[in-house]
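Examination of the molecular architecture
In case you want the letters, here they are:
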Amino acid sequence: NISVSDLSSSIRSVMFNITNSSGDQNASYFATNPTGNVWNYSINTSHFPDGAYNVTAYVNDTAGNQNTTAVIFQLKFDNTAPTGSLSCTPNPVNEEATLTCSCSSSDATSGVLSTSFTLNPSTSSTGSFTKTCSITDYAGLNVIVSTSYTVQGVGSSGGSSGGGGGGSSTSAPTTTI
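Here we summarise the structure given alongside this text. Keep in mind it's a predicted model, so treat the numbers as computed, not measured.

1. Brief notes about the overall build of the protein
Across its full length, the protein holds zero helices and 13 strands. In the protein, the order of α-helices and β-strands from amino to carboxyl end is β-β-β-β-β-β-β-β-β-β-β-β-β. For the protein, contacts bridging at least 24 residues in sequence account for 52% of all contacts bridging at least 6. Summing over all exposed atoms, the protein offers an accessible surface of approximately 10900 Å²; the carbon and sulfur share of this is 47%.

2. Examining the sheet that holds strand 3 (residues 25-30)
Pairing within the open sheet is antiparallel, and its four strands lie in the order 3-2-6-7. Edge positions in the open sheet fall to strand 3 and strand 7 (66-77), since each of these has one partner strand only. Pairs of neighbouring strands in the sheet enclose a mean axial angle of 20 degrees, with direction left out of account. Pairing analysis gives eight bridges linking strand 6 (residues 51-61) to strand 7, with the strands arranged antiparallel. Its bridge partner being in strand 7, Val55 is matched across the sheet by Ile72.

3. What to know about the nonpolar core
In terms of nonpolar packing, the biggest core is built from 16 residues, with Ile2, Val4, Val14, Phe16, Ile18, Trp39 and Phe48 touching the most fellow members. Contributing elements (two or more residues each) for this core: strand 2 (11-20), strand 3 and strand 6. Beyond its immediate stretch of four places on either side in the chain, Trp39 contacts Asn1, Ile2, Val4, Ile11, Arg12, Ser13, Val14, Ala31, Thr32 and Asn33. Counting residues in hydrophobic clusters, the runner-up holds 11 residues, among them Leu86, Cys101, Ile135 and Val151.

4. With respect to the sheet that holds strand 9 (residues 93-94)
Across the sheet, four strands lie side by side as 9-13-12-11; this open sheet has mixed pairing. Lying at the two open borders of the sheet, with one neighbouring strand each, are strand 9 and strand 11 (112-116). Pairing analysis gives four bridges linking strand 11 to strand 12 (residues 127-137), with the strands arranged antiparallel. Bridge pairing links Ser116 to Ser134 in strand 12.

5. Description of the state of the cysteines
According to the stated counting rule, one finds two disulfides in the structure shown. Between the sulfur atoms of Cys88 and its disulfide partner Cys101 the distance amounts to 2.0 Å. Here Cys88 and Cys101 share a disulfide; its torsion about the S-S bond, 100 degrees, makes the bridge right-handed. In this pair, Cys88 is assigned in strand 8 (residues 83-89) and Cys101 in strand 10 (residues 100-106), connecting sequence segments 13 residues apart. A sulfur-sulfur separation of 2.0 Å characterises the disulfide bridge that pairs Cys103 with Cys133. Here the S-S torsion is close to -85 degrees, and the disulfide linking Cys103 with Cys133 is therefore left-handed. Of this pair, Cys103 sits in strand 10 while Cys133 is found in strand 12, placing the two residues 30 residues apart along the sequence.

6. So, the side chain of Asn54
With respect to the helices and strands, the residue Asn54 is situated in strand 6. Separated by 3.0 Å, the side chain of Asn54 and the backbone nitrogen of Gln74 make a polar contact.

7. What to know about unusual backbone geometry
Pro90 follows Thr89 through a cis peptide bond whose omega is -5 degrees. Along the chain, the position of Pro90 falls in the loop between strand 8 and strand 9. Going from Asn91 to Pro92, the amide bond is cis rather than trans, its omega being 10 degrees. You will see that Gln74, though not glycine, has its phi angle at about 55 degrees, which is positive. Inspection of the secondary structure assignment puts Gln74 in strand 7. Positive phi, close to 70 degrees, is recorded for Glu96, a residue that is not glycine. Considering the arrangement of structural elements, one finds Glu96 in the loop between strand 9 and strand 10. The exposure class of Glu96 is exposed, given its relative accessible area of 60%.

Conventions and cut-offs
Residues numbered from 1 in each chain as written. Predicted model: local features only at pLDDT ≥ 70, side-chain atom pairs only at ≥ 80, totals over all residues. Heavy atoms only, no water. Helix = DSSP H or I, 4+ residues; strand = E, 2+ residues; numbered from the N terminus. Contact = heavy atoms within 4.5 Å. Areas by Shrake-Rupley, 256 points an atom, 1.4 Å probe, with all protein chains shown as cover. Pairing = 2+ DSSP bridges. Axes fitted to C-alpha atoms, helices over the stretch in contact; angles between N-to-C directions. Core = buried A, V, L, I, M, F, W, Y, C linked by side-chain atoms within 4.5 Å. Buried < 20%, exposed > 50% of the residue type's maximum accessible area, 1.4 Å probe, protein only. Disulfide = S-S within 2.5 Å. Polar contact = N/O pair within 3.5 Å; in protein donor to acceptor, adjacent residues only side chain to side chain.

Next up, the structure:
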């Protein structure tokens, strides 16, 4: 959107010119004038590679004058979702033990705005579980990555003990990491 006015004549046209960071022209779009002195055009940025662009507004009046002072420098077009990975350790984890999850994220164009995940999910129930990490970049693009982990009951080490003499014995559970 751009607001334009001319004290001595009417506005004939408004054009938005898009150039990349090297100064090469990529596209031009003529704005529409739905009301008053506001002119606009919606640009579908999916047709552009991710990166920095400059947008210049060319305003022409009916007397043939042109103004190009309205320039936005280093506007970033970002159509690529961020990337990330999620892992939880130890895996498998014993019931009621601490499980720690870690989510890493990156976005080369606009940067990561937020990363949301559970650092220490519950291990109160046994079984296989899936956790997710939601990553959002500054352009509003989002990706969800996931990982699975297993909570095993204490003493579920998978081995068996041999029979033997009478009596009972107890031993502390062992965990191999």
